[in-house]
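Observations on the model geometry
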Amino acid sequence: MRHKLFILGFLAIIFAFSQSQAALTFRSGASGPGAYFSGSEIRVNPGMPFSIDVYAKSTDSPNRITWSSPFSITGTDVIVSWGDTSQFAQAGFKAYWDVFRRTYAESWDGSLPDLFNFTGIANSVGYPGDGVEKLILKFQANSVTLVGPVTNGQICIGQGSPINTTYDWIFDDPQPIFPTQCFTVEDACKGCVWCPNFTLPGSFCPLQKTTQWDVPVTANFVAIDIEQDPIIYSKAGGVGTVTAAGAFSWQPTCADVGQTRYIDVVATNQYFCQKPGLPTQHCIMGIVVLNTDPVIAGDCGKTFIAGGQGGTAHFTATDANIGDTKAWSVYVTPSAIGNYGISSNGVLTFTPALSEFGTTFVFTVRVTDCAGGYDQCEVVFIATPDKEYEIKIQKVENALQGHHSSVEVKKTWGSDPIYGFDFLIAYDASALTFMGADGGPLFDMAGIYQWEYFIYRFGPNGNCGNACPSGLLRVVALAEQNNGLHHPLNLSVPDDMNLFTLDFLVSNDRNLECQYVPIRFYWMDCGDNTIAYHPSTDLNPNTIVTAISNDVFEFWGGASIAADAEMPTYLGAPAICVTNPGDGKPGTKRAIDFWNGGIDIVCADSIDARGDVNLNGLANEIGDAVVFTNYFIKGLGAFTVNVEGQIAATDVNADGMALTVADLVYLIRVIVGDAVPYAKLSPYTNTANFGLDGNVVTVDAELGAAYFVFNGAADVSLGTGASSNMTLMTGTLNGNAVALVYSMDKGATCKGDILNTNGTVKSVDAVDYYGSSYKVSIPTAFSISNYPNPFNPVTNIELTLPVASDWTVSIYNVAGQKVAGFNGYGVGKQVMTWDASNVASGIYFYKAEAGKFSATRKMMLMK
C-alpha cells in the first residue's frame with residue numbers, strides 16, 4: 001500500500017454580529033493544502049502551506065469611505081513561517097481605495113502574536129454596499145510547526161490593538177465586530193494513506209452558488225490526488241445529481257426560492273485514510289435560489305372617468321423568470337359599493353353605484369408571481385353621471401406630396417349612448433384637397449353596431465365672411481332614422497372607435513415640404529361640433545341631451561383653449577350655447593373634449609437629392625437631363641428607381657415646384673456650366689400670354705422652354721419664332737398630345753409664333769432662359785368680367801382674347817351715355833382699371849369688342 005498525504009483546506013464561517021443594524025460583516029477561514037475538515041471543524045496540518053483568509057461584505061448606502069482594520073494573529077505551541085503577508089486577493093478591492101491606502105505590521109517575525117493593519121481612504125466610490133462578499137486579505141504561511149512534546153496547538157485571528165493608535169479599529173458608523181477565530185493545528189492523517197484535496201479552477205471547493213429559480217445550476221467538482229490515483233465522486237446529501245466524474249446539475253423550482261439548499265459531494269479513491277472519521281473527503285456547497293419580481297405597466301398613474309356604463313383600465317406585466325405565473329389583484333380607496341374587478345389578463349373594470357357619483361376612487365393594482373414577489377401601481381377613477389366624450393383628429397406623419405393621406409377622426413372615450421353627431425372641420429385648401437369621407441366600423445360592422453346614416457358635404461351652412469377658413473367640411477351621422485334597414489342594438493360607442501376617415505390629396509407644391517398643415521374643429525353656430533346622447537343615469541329612455549365642447553386642445557396637448565370667443569371661432573362653443581330650458585326639456589351640456597390634428601408633410605431632403613434625377617448618387621449629369629426630358633413625354637413611367645425620390649429631385653431650381661420645365665432648363669444650365677447648382681429662384685418672373693391665331697400658337701414673352709398639352713390628338717411642328725434655335729419633342733400621354741420645346745444651346749430663347757398645330761392647347765408650363773416660371777395665360781374663348789362687383793370706387797375689368805386682336809371697352813350709364821373707355825391690341829388676358837370717383841352711384845354697363853367678338857356686362861357702383 002502506497003502512502004499519500006494531501007490535505008483538504010477549506011473553511012466558510014459567517015460571523016453574526018451583536019448589532020443587527022451593522023451593515024459591514026466579516027468572516028475568516030483557512031485554505032490551502034494544509035487546511036482540512038475534522039467533522040465540521042477546520043484544522044491546519046503542520047508542515048504544509050496554508051493561508052488565513054479574511055472576507056468582507058457591505059450593504060451600506062452610501063458606500064464606506066474610511067476603513068482601518070488591525071488584525072491580531074496569535075498562537076499556542078506553534079511557530080509560523082510566513083510567506084506573503086498581505087495578499088489582496090480581489091483586484092477590485094484595491095480599486096476602491098486607490099486614493100490612499102497603507103499597511104502596518106508590528107513584530108512580524110513568526111513569533112506570535114503578530115499584528116497586521118490595513119488602513120485606507122477610498123475614492124468617491126468607496127467600498128461598495130452591494131451585498132456581494134469579497135476576499136479582502138490573505139495571510140500566506142509556508143508552514144506551521146508544533147513546539148514541544150504536544151500533539152496539537154492553535155493559531156487564531158481576531159481584532160487587534162496596535163501600539164500606534166493611528167491604526168486603531170476605525171470605520172464609518174455603524175462599526176462592525178470581528179470576533180476571534182481559532183484553528184487547531186494537528187496532524188490530520190497520522191499514518192493515513194491518502195487524504196484528497198478538493199479544488200476548482202480559480203477557487204477551492206465552491207462555498208456557494210447563486211441562481212434564479214428558472215435557471216439550471218451546474219458545477220464541476222475536482223479533487224487532486226498527489227499520486228494521481230482515480231477518484232470517484234458521489235452525492236452524500238442535498239439536491240440534484242452528481243456523476244462519478246464530479247459533474248453536478250439541478251433544476252430549482254419556484255418553491256426553492258428563499259429556502260436553504262445544498263449539495264454534499266464526496267470524493268473517494270481506492271485508498272482510505274486510516275484515521276477514524278476521515279475515510280473520505282466532503283465538499284458542501286450552498287445554493288441560494290433567487291426570484292425576480294414582476295414589473296407592471298399599462299395605465300399606471302392615469303385618471304379615467306367612470307360613468308353609468310362604467311370604465312376600464314388596462315395593465316400588462318413582464319417577468320424575467322421564464323414560465324412564472326402572474327396573479328392580478330386590486331383594492332380601492334375609499335371602499336366602493338359599485339362593481340369592480342380585474343381579469344386574468346390585467347383588465348380593470350369599475351361601474352360605480354348611483355350614490356357614488358362625484359367620488360374619486362384610487363385603485364391599487366398588484367401583480368404577484370409564484371414566489372410572492374410583486375409590483376403595483378395606482379389608477380384613478382372619477383365616478384360621474386356622464387362620462388365626458390373625447391373626439392380626436394389624427395395627426396398624420398410624413399405624408400408624401402401628390403399622394404392621398406387618410407386622417408381618422410376617433411371617439412377615444414365616453415360611455416353614454418350616442419344617437420348622432422354633427423362636426424364642422426376646417427383645413428387649408430391651398431395645401432390639402434378634400435377628396436371624400438368614409439364612415440368607420442359603426443356603419444358597416446355586423447352585429448350590434450349598425451348606424452344608419454352618414455353624410456358629408458363641403459362648406460358649412462351660412463356664410464362666415466372673411467373669417468371663413470379656405471377649406472370647410474361638415475360630417476353628420478345618425479345612429480337610426482325611422483327604423484331603417486340598420487338597427488343598432490348598442491348605442492354606447494366603444495372607446496378608440498374610428499367614427500370616419502377623411503381623404504385628402506396633399507399638394508405637390510414643394511414650398512410646403514416639411515410643413516405641418518392643421519385640421520381643426522370650427523364653430524359657426526351652436527349646432528356645430530355636437531353629439532346627441534342619452535345620459536345613462538336618466539331613467540327616461542327618451543331623454544336626449546346635446547353635448548357641446550368642454551375644451552379644445554391642439555394635438556400636442558398643453559393647456560386647453562378657452563371656449564369664450566365670439567363665433568366663428570376655433571376656440572369652441574361660447575357660453576351662449578349652454579342652455580337649460582327647464583320644464584323637463586333637455587338642454588345642452590359641456591361634455592366633449594376636442595383634439596385637433598393635421599398632416600405633417602415629409603421633408604424633401606429625407607427622400608431626394610436635388611438634381612440627381614436618376615438617383616445614381618451624382619447630381620446634375622447628362623443622365624439626369626435624359627431621364628427628366630423622358631418624363632415630359634412618358635410621364636411618371638420614366639421614373640423607375642424611386643418615383644417619390646425622383647419627383648423631389650426634379651426641383652432643381654429650388655422654387656418649391658417639382659416636375660416643371662423651369663427645373664429642366666435650370667438643370668441644363670447647370671450641366672453646361674452656365675448656372676450654380678441649387679440656386680433658389682423666384683417662382684414667377686412675369687406673365688406669358690399665349691394665343692392661337694388660326695393654326696399658329698403665339699406668345700408675347702421670351703421663352704427658355706415650354707411644355708404643351710393638347711386636347712386629344714394633334715399634329716405639332718415648330719413655328720417661325722422657334723425653328724432656328726429650339727428643339728421639339730412630341731408624344732402622347734394619357735390620350736393627349738404633348739410637346740416639349742427646349743434647347744441645349746447657350747443663350748437660346750424663342751418668342752412670337754412658336755408652334756404650328758391643328759389641335760387645341762389644354763395647358764402650358766413656360767419658363768424664361770434662367771429657369772424662372774412664367775405665370776401663364778391661355779385664353780380658350782373670348783370673355784369679359786369685372787371685380788369687385790359691387791365696387792367703390794375702383795373696379796378691374798378683365799378681357800380675355802383667344803387670338804391677337806384690336807380691342808375696345810366702353811362704359812355706359814343707365815341713360816346710355818358713355819362715361820369712360822379703353823382700347824388696345826393684344827392676346828390673352830388684358831386688364832384695365834376704372835376709377836369711378838367722378839360719377840354717381842348706380843348701375844353701369846360695359847361693352848367689349850375685339851374682332852368678331854362682342855359682349856356686354858352689368859356692374860354696380862355703391863358709394
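Here the structure is shown first, and the text comes after it.
Notes on the structure follow.

The rules we used
Residues numbered from 1 in each chain as written. Predicted model: local features only at pLDDT ≥ 70, side-chain atom pairs only at ≥ 80, totals over all residues. Heavy atoms only, no water. Phe/Tyr/Trp six-rings, centres within 6.5 Å; stacked < 30°, edge-to-face > 60°. Helix = DSSP H or I, 4+ residues; strand = E, 2+ residues; numbered from the N terminus. Buried < 20%, exposed > 50% of the residue type's maximum accessible area, 1.4 Å probe, protein only. Pairing = 2+ DSSP bridges. Salt bridge = Lys/Arg side-chain N within 4 Å of Asp/Glu carboxyl O. Axes fitted to C-alpha atoms, helices over the stretch in contact; angles between N-to-C directions. Core = buried A, V, L, I, M, F, W, Y, C linked by side-chain atoms within 4.5 Å. Contact = heavy atoms within 4.5 Å.

Once that is clear, we can look at the packing of aromatic side chains. A full pass over the atoms with the stated rule returns 42 aromatic pairs. Considering the side-chain rings of phenylalanine 26 and tryptophan 169, the 5.9 Å spacing of their centres and the 50 degrees angle between planes classify their relative orientation as tilted. Of this pair, phenylalanine 26 sits in strand β1 (residues 24–31) while tryptophan 169 sits in the loop between β10 (152–159) and β11 (170–171), and the two are 143 residues apart along the sequence. For the pair shown, phenylalanine 26 and tryptophan 169 are each scored as buried.

Time to look at the pairing of strand β27 (residues 339–342). Relative to strand β28 (residues 347–351), β27 is paired through four bridges, and the arrangement is antiparallel. Paired with glycine 341 across the two strands is threonine 349, which belongs to β28.

On to the pattern of salt bridges. Think of it this way: side chains of opposite charge can pair up when their charged atoms draw near. Applying the stated criterion across every chain, the model contains 17 salt bridges. For lysine 138, the salt bridge is made with aspartate 53, and the minimal N-O distance between the two is 3.0 Å. Of this pair, lysine 138 sits in strand β9 (residues 134–146) while aspartate 53 sits in strand β4 (residues 50–58), and the two are 85 residues apart along the sequence. This pair shows no difference in class: lysine 138 is buried, exactly as aspartate 53 is.

The next point concerns the sheet that holds strand β26 (residues 327–333). An order of β24-β30-β29-β26 is seen for the four strands of this open sheet, with the pairing classed as mixed. The two strands at the open ends of the sheet, each matched to only one other strand, are β24 (303–306) and β26. Strand-to-strand, the axes of this sheet are offset by a mean angle of 30 degrees, without reference to chain direction. Judged from the four bridges that link them, β24 and strand β30 (residues 374–383) form a sheet pairing that is parallel. Bridge pairing in β30 links isoleucine 305 to isoleucine 382.

Looking now at the nonpolar core. Ranked by size, the top nonpolar core spans 50 residues in total, and within it Trp451, Leu502, Phe504 and Ile531 carry the most contacts. With six residues, the top contributor of residues to this core is strand β38 (residues 497–506). Other than its neighbours up to four places away in sequence, phenylalanine 504 contacts His403, His404, Ser405, Val407, Tyr427, Leu432, Thr433, Phe434, Met435, Leu473, Ile519 and Ile599. If you look at the next biggest cluster of nonpolar residues, it comprises 34 residues, including Phe71, Val80, Phe118 and Ile136.

Here the amide bond leading from leucine 112 into proline 113 is cis, since omega sits at 5 degrees, within 30 degrees of zero. Note on placement: proline 113 falls in the loop between β7 (100–106) and β8 (114–121). The phi angle at aspartate 496 is positive, at roughly 60 degrees, despite the residue not being glycine. Positive phi, normally seen in glycine, also occurs at asparagine 734, with a value near 55 degrees. Secondary-structure assignment places asparagine 734 in the loop between β49 (727–733) and β50 (736–742). When its relative accessible area of 74% is taken as the criterion, asparagine 734 is described as exposed.

The quantities given are spatial measurements derived from coordinates; they are silent on function.
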